[in-house]
Amino acid sequence: MLLTLSLGNLEISEMSAAVLISVSLVFLVSFGIVSLKNDSKGMMEWMFDNKNNEKR
C-alpha cells in the first residue's frame, strides 16, 4: 500500500516528501552554520582594500 501526498496536479509519495524535507533541512542548517562562521567584516575590508590597490 503506497501512500501519496497530492497538491493540485502534483502527486509525490511520502518517501519522496520525506527525502525532500530532510534535504531541505540539511541545506538550511548548513547555510546557517556557514553564515554564522563567515567573517563578513574581514571579507568586505579585503574586497575594498583590493579595489583601492587596483586604482593606484
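Just so it is clear, the model here is predicted, and its values are computed rather than measured.

A. Looking closely at the overall build of the protein chain. Within the protein chain, the secondary structure is distributed over two helices and two strands. The helix and strand sequence of the protein chain, counted from the amino end, reads β-β-α-α. The buried share among the 56 residues of the protein chain stands at 4%. For the protein chain, the accessible surface area stands at approximately 5400 Å², while carbon and sulfur atoms represent 66% of it.

B. Geometry of the confidence of the model for the protein chain. Per-chain confidence: the protein chain averages 78 in pLDDT, with 75% of residues scoring 70 or above. Mean pLDDT values over the elements of the protein chain span from 68, in strand 1 (residues 4-7), up to 89, in helix 1 (residues 14-37).

C. Representation of the packing of aromatic side chains within the structure. Per the counting criterion, the structure on display carries one aromatic pair. Between the aromatic rings of F27 and F31, the centroid separation amounts to 6.2 Å while the plane-to-plane angle is 25°, which identifies the pairing as stacked. Taken together, the residues F27 and F31, both in helix 1 and four residues apart, mark about one turn of the helix. The exposure classification of F27 matches that of F31, with both residues exposed.

D. The arrangement of helix 1 in detail. When the terminal C-alpha atoms of helix 1 are compared, their 35 Å separation across 24 residues agrees well with the 34 Å that a helix rising 1.5 Å per residue should span. Of all 24 residues in helix 1, one are buried; the element is thus mostly exposed.

Cut-offs and rules
- Residues numbered from 1 in each chain as written.
- Predicted model: local features only at pLDDT ≥ 70, side-chain atom pairs only at ≥ 80, totals over all residues.
- Heavy atoms only, no water.
- Helix = DSSP H or I, 4+ residues; strand = E, 2+ residues; numbered from the N terminus.
- Buried < 20%, exposed > 50% of the residue type's maximum accessible area, 1.4 Å probe, protein only.
- Areas by Shrake-Rupley, 256 points an atom, 1.4 Å probe, with all protein chains shown as cover.
- pLDDT = per-residue confidence, 0-100.
- Phe/Tyr/Trp six-rings, centres within 6.5 Å; stacked < 30°, edge-to-face > 60°.
- Expected span 1.5 Å × (residues − 1).

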